[in-house]
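Here's the letter readout for the chains.
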Amino acid sequence: MTVSDVINAHFPALTRAEKRLAETLLDNYPVSGLGSITTVAENAGVSTPTVARMVQKLGFRGFPDFQTRLHQELEATISNPIAKHDRWSASAPGTHTLNRFADAVMGNMRQTLSQIEPREFDQTATLIADCKRNIYLAGGRITRSIADYFFTHLQVIRTGVTQIAANPSSWPHYVLDMKQGDVLILFDIRRYEQEMETLARFARDRGVEIVLVTDQWGSPVAKSSSKVFRVQIEAPSAWDSSVMLLFLVEALIEAVQNTNWDETRDRMKMLEGLFDSTRIFRRPV
């Protein structure tokens, strides 16, 4: 669990002053918790003893322990590929790369599944399947390919699906066409991209439902999102793993097409006819 997870889990049991402190910490997380204990207290309008009591109530040994966790999270989310490689290689076991990756992926699968609520997943699939809503998709530098994969399948399943272009300067044009009730699906993992947060904020202001797929730490876009899926991305590599991102996307594709199967089947038949007419695929003689 991240520190923000711990705060949210304990939030109902906090006192009024502690809840004000918790809200301040979450508002600009994790930066708001990185100052001195006096600064953190002053920013939240509470006393220093309130800060000390709350972090212990959250399960930390004290404020220094609390800040150490925040620093570790921050370091993890901003790690570049070189730093990631050095961290993994320093403790990598002497097994084959295939085995190391298999172990990491299986661990990621178990952890990701434990964090996804089936009800939340089903609600999201229903949201995406609703043809009264237009669907928009966007990803970052690495996750753009996942958004493109999702778009390609959704375009077959239903109408009203748009993939947002890679150039952020064109994004306001897409926001212009968004209306209340539409759905914006965003992919944003560590080294979070600032333009993604801006896009989410603009869309939210227009009444758009935002579905975020992010990593275990959570993109800042989560503050603007109605549905958030956090998947595990760590791998014994300089690069993050996209396996769990693709796993979630393919599960959503199946759930959405089942909801709209009659329409999807008709669209598939029409598409296959177009493929046959254009001879786009090689056919056996």
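Residues numbered from 1 in each chain as written. Predicted model: local features only at pLDDT ≥ 70, side-chain atom pairs only at ≥ 80, totals over all residues. Heavy atoms only, no water.

1. Some details on the overall build of the protein chain
Defined as follows: The way it works is that DSSP assigns letters per residue, a run of H or I at least four long becomes a helix, a run of E at least two long becomes a strand, and they are numbered from the N terminus. Working definition: with a 1.4 Å probe on protein chains only, accessible area under 20% of the residue-type maximum means buried, over 50% means exposed, and in between means partly exposed. Under this rule, positive means Lys or Arg and negative means Asp or Glu; His and the chain ends count for nothing. For the purpose of locating charges, the reference atoms are NZ of Lys, CZ of Arg, CG of Asp and CD of Glu.
When you go through the protein chain residue by residue, the secondary structure sums to 13 helices and 5 strands. The dimensions of the protein chain, computed from C-alpha atoms along their principal axes, are 75 × 50 × 35 Å. Evaluated residue by residue, the protein chain yields a buried proportion of 40% over its 285 residues. Distance between charge centroids for the protein chain: 1 Å, based on 32 positive and 33 negative side chains.

2. A look at the packing of helix H7 (residues 97–115) against helix H12 (residues 243–259)
We apply this condition: To obtain each axis, a line is fitted to C-alpha atoms, and for helices this fit is confined to the stretch in contact; angles are then taken between N-to-C directions over 0 to 180 degrees. Here the angle decides the label: under 35 degrees means roughly parallel, over 145 means roughly antiparallel, 65 to 115 means roughly perpendicular, and every other value means oblique. Helix crossings fall into two classes, left-handed where the near helix is turned counterclockwise from the far one by less than a right angle and right-handed where it is turned clockwise. Should any heavy atoms of two residues lie within 4.5 Å, those residues are counted as being in contact. Gly is placed with the polar residues, together with every amino acid not listed as nonpolar (Ala, Val, Leu, Ile, Met, Phe, Trp, Tyr, Cys and Pro) or charged (Asp, Glu, Lys and Arg).
At a closest axis distance of 10 Å, the pairing of H7 and H12 adopts a crossing angle of 50°. Of the possible angle classes, the one that applies to H7 and H12 is oblique. Crossing of H7 over H12 shows right-handed handedness. Contact residues: H7 offers Val105, Asn108, Met109, Thr112 and Leu113, while H12 offers Val243, Met244 and Phe247. Residues belonging to the contact of H7 with H12 are distributed by class as follows: 6 nonpolar, 2 polar and no charged.

3. Things to note about the UniProt feature "domain: HTH rpiR-type" (unreviewed entry) in the protein chain
Note the threshold: UniProt positions are given in the numbering used here, feature names are shortened, and annotations may be inferred rather than shown by experiment.
The feature "domain: HTH rpiR-type" (unreviewed entry), as annotated in UniProt, sits at residues 1–77 in this numbering. From the first C-alpha to the last, residues 1–77 spans 14 Å; its make-up is 69% helix and 0% strand.

4. Observations concerning the packing of aromatic side chains
For the record, the criterion: Stacked, tilted and edge-to-face are the three classes assigned to paired rings of Phe, Tyr and Trp, where Trp is represented by its six-membered ring and a pair needs centres within 6.5 Å; plane angles under 30 degrees give stacked, over 60 edge-to-face, the rest tilted.
Scanning the model with the defined rule gives 3 aromatic pairs in all. On the basis of an interplanar angle of 80° and a centroid distance of 5.4 Å, the ring pair of Phe60 and Phe66 is categorised as edge-to-face. The burial state of Phe60 is the same as that of Phe66; both residues are buried. Taken together, the aromatic side chains of Phe60, Phe63 and Phe66 make up a single cluster linked through ring pairs.

5. Remarks on the sheet that holds strand E5 (residues 227–230)
The criterion, for reference: Here, a strand pair is defined by DSSP locating no fewer than two bridges between the strands.
If you walk across this open sheet you meet the 5 strands as E2-E1-E3-E4-E5, and the pairing is parallel. The outermost strands of the open sheet, each flanked by one partner alone, are strand E2 (161–163) and E5. The average angle at which neighbouring strand axes cross in this sheet is 15°, direction not considered. Pairing analysis gives 6 bridges linking strand E3 (residues 183–188) to strand E4 (residues 209–214), with the strands arranged parallel. Within E4, the position partnered with Phe187 by the bridge is Val213.

6. Digging into helix H13 (residues 261–278)
What counts here: To estimate the expected span of a helix, subtract one from its residue number and multiply by 1.5 Å.
Taking 1.5 Å per residue, 18 residues should reach 26 Å; H13 reaches 25 Å between its end C-alpha atoms and fits that length. Backbone geometry just downstream of H13 places Arg279 in the positive-phi region, at approximately 55°.

7. Remarks on the pattern of salt bridges
Our working rule: The working definition used for a salt bridge is a side-chain nitrogen of Lys or Arg within 4 Å of a carboxyl oxygen of Asp or Glu.
Applying the stated rule across the entire model yields 11 salt bridges. Glu18 is the partner of Lys57 in a salt bridge, and the nearest nitrogen-oxygen pair spans 2.8 Å. Taken together, the residues span a long stretch of sequence, with Lys57 in helix H4 (residues 48–57) and Glu18 in helix H2 (residues 16–27) at a distance of 39 residues. Residue class for Glu18 comes out buried when judged on its relative accessible area of 3%. One salt-bridge network, in which partners are shared between bridges, spans Arg190, Glu234 and Asp240.

8. Considering H4
To be explicit about the condition: Throughout, the arc means the angular range of directions from the helix axis out to the C-beta atoms.
Regarding H4, the residues found buried are Thr50, Val51, Met54 and Val55. End-on, the buried residues of H4 take up no more than an arc of 125°, which puts them together on one face. As for H4, its buried residues are in contact with H2, helix H3 (37–44) and helix H5 (63–77). Two residues or fewer after H4 comes Gly59, characterised by a positive phi angle close to 105°.

9. Observations regarding the packing of H2 against H3
Interaxial distance between H2 and H3 falls to 9 Å at its minimum, and their mutual angle equals 105°. Viewed along their axes, H2 and H3 adopt a mutual orientation that is roughly perpendicular. Contacts between H2 and H3 pair Arg20, Leu21, Thr24 and Leu25 from the former with Val40, Asn43 and Ala44 from the latter.

10. Focus on the nonpolar core
Spelled out, the test is: What makes a nonpolar core is a set of buried Ala, Val, Leu, Ile, Met, Phe, Trp, Tyr and Cys residues whose side-chain atoms join them at distances within 4.5 Å.
Core analysis: the biggest nonpolar cluster contains 34 residues, and Ile135, Leu137, Phe150, Leu154, Ile185, Phe187 and Leu248 have the highest contact counts within it. Where this core is concerned, the elements lending two or more residues are helix H8 (118–129), strand E1 (135–139), helix H9 (144–157), E3, E4 and H12. When residues of this core are assigned to their parent elements, the largest contribution, 8 residues, is made by H12. Apart from residues lying up to four places away in sequence, Leu154 is in contact with Ile128, Ile135, Leu137, Val161, Ile185 and Val256. Leu25, Val46, Val51 and Met54 belong to the second-largest nonpolar core, a separate cluster that totals 19 residues.

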